[in-house]
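Take a look at the letters that make up each chain.
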Amino acid sequence: MVVIDMKNFYSGIIPLLSILSIYKSPLPQLDLGTLVAIGVFLVTILYVYKNRIRLTIGATVPLFLLYIFFLMAMNLIEYNNIVDSEVFIFRNIKFILLILGFYIIILANLVNFKRLMDIYVKIAVLSSIYIILQTCTYYILGIELPNVLYGYTASDLYVEIDYASLLYRPSSFFLEPAHYFQYNLIPLIYLLFSRAREDRYSLTTILLGIICSTSGQGYVITMILLILYCIFNYALGLRTWVILLICGIFVLSGVGDVGFLKVDVLEKSIGRFIAEDGSLGEAWYGRTNAYEYLYDMDTTSVFFGNGLGNITPGVYYSGIPYMINCIGILGTSIFVLYIIRMGMKGDKFTAILAFTYVGTLFIAQNFTALLICLYFSIITVAIGEGDTEHNFSID
């Protein structure tokens, strides 16, 4: 009989869910990542019940999920839905089940932090090597290597975009460059700020991959993280000087006017966020125009929300306007403060990871069940791993 190490199983599956979510599942309305996550939830319930694992349940997460369920019920009663009721119910139940499932996984102590991050870093390095290869083959041989398996993706939105017509933007095996960066952001922070990791090869590979990705938000956030790294390592050892050099290349190549360092690709990439005249670029407006829709909401909706997923079709919502629209200022404040408070309970790595995640909510739609599960799992397990006195608890 094959015995499965459940800690290794969960530690291996968590970093894969975001990649699996790119693709269709056999069931309609469900991507493959979500389907696997629901399967993991069912396995977890059976495993906890069979092994009679006692769970110490906190208050914040269950109450937050009850709040989402309450908003769903109230909007169904008042028929205050922009989307179909069936779709609205499905989105809410899916969100609640996924968060609840990973909450139970963490409470049951079923994740090995070191194993999880080892796997995550290996995937990030592999994706970075591939995006570097994509860049080299395009500019040297004129060959475009594929990103994802088109025809099997859960969304056809990105299939219709011809990035190369304006600027060649490789994305490794993700749908777009921003998705590549968002996935690699956690390993980048881990390699920069975790005391448990000294892996220069992986860090350098991921940094080169981010340069090749042409992701404007990737450049800006990476520069901020590199500056933070240099501040925390003010002694300026050899590694810090290397980081400073890479940071300088980012700045000079992207927004500077230094002849031999002026790289057109980097300049155009950052130009999507910051134009030559200092104004905000098209990518910035594309990620923030949803804020305008908040002005049309009534006071009650702004404070309490319209229910999860109850949004205007065809509009791109980054995290914060999506959250205010769906769970209101009340729910948004609870969520943001909870993530920050959890991050601050740990070390430098968890604190920076929590603040970075909250920061990305302003410009990217990172308030999804799978991404919340990913960040929540890593932050809480990292804190628990470093808590030798076992005083840490999850609210």
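Residues numbered from 1 in each chain as written. Predicted model: local features only at pLDDT ≥ 70, side-chain atom pairs only at ≥ 80, totals over all residues. Heavy atoms only, no water.

Looking only at helices and strands, one finds 16 helices and zero strands in the protein chain. Residues classed as buried in the protein chain amount to 51% of the 395 residues present. Long-range contacts, defined here as pairs at least 24 residues apart, represent 70% of the contacts in the protein chain between residues at least 6 apart. As presented, the protein chain carries roughly 19,200 Å² of accessible surface, and 65% of it is formed by carbon and sulfur atoms. (Helix = DSSP H or I, 4+ residues; strand = E, 2+ residues; numbered from the N terminus. Buried < 20%, exposed > 50% of the residue type's maximum accessible area, 1.4 Å probe, protein only. Contact = heavy atoms within 4.5 Å. Areas by Shrake-Rupley, 256 points an atom, 1.4 Å probe, with all protein chains shown as cover.)

Now for helix α9 (residues 216-232). Its 17 residues give α9 an end-to-end C-alpha distance of 25 Å, which sits within 8% of 24 Å, the value for a rise of 1.5 Å per residue. Along α9, the residues classified as buried are Gly-216, Gln-217, Gly-218, Tyr-219, Ile-221, Thr-222, Met-223, Leu-225, Leu-226, Tyr-229 and Cys-230. (Expected span 1.5 Å × (residues − 1).)

What follows deals with the packing of helix α6 (residues 113-141) against helix α7 (residues 177-193). Two elements in contact, α6 and α7, have axes whose closest approach is 9 Å; the angle formed by their N-to-C orientations is 125°. The angle between α6 and α7 places the two elements in the oblique class. Like other packed secondary-structure pairs, α6 and α7 cross with a definite hand, here left-handed. Residues Phe-113, Met-117, Tyr-120, Val-121, Ile-123, Ala-124, Ser-127, Ser-128 and Ile-131 of α6 pack against Tyr-180, Tyr-183, Asn-184, Ile-186, Pro-187, Tyr-190 and Leu-191 of α7. Across the contact of α6 with α7, the residue classes break down as 13 nonpolar, three polar and no charged. (Axes fitted to C-alpha atoms, helices over the stretch in contact; angles between N-to-C directions. Parallel < 35°, antiparallel > 145°, perpendicular 65-115°, else oblique. Left-handed = near helix turned anticlockwise from the far one by under 90°. Nonpolar A, V, L, I, M, F, W, Y, C, P; charged D, E, K, R; others polar.)

The pLDDT averaged across the protein chain works out to 81; a share of 77% of its residues lies at or above 70. Counting contacts from residues 254-263, a segment whose pLDDT is below 50, to residues more than four positions away or on other chains yields 15 contacts. (pLDDT = per-residue confidence, 0-100.)

Before going further, it helps to spend a moment on the nonpolar core. Membership of the largest hydrophobic core comes to 106 residues, with the highest contact counts inside it found for Phe-95, Leu-225, Ile-327, Phe-335, Phe-367 and Ile-378. A total of 13 residues in this core trace back to one element, the largest contributor, which is helix α16 (residues 369-386). In contact with Ile-378, other than residues within four places in its own chain, are Phe-113, Leu-116, Met-117, Tyr-120, Ile-186, Phe-349 and Leu-353. (Core = buried A, V, L, I, M, F, W, Y, C linked by side-chain atoms within 4.5 Å.)

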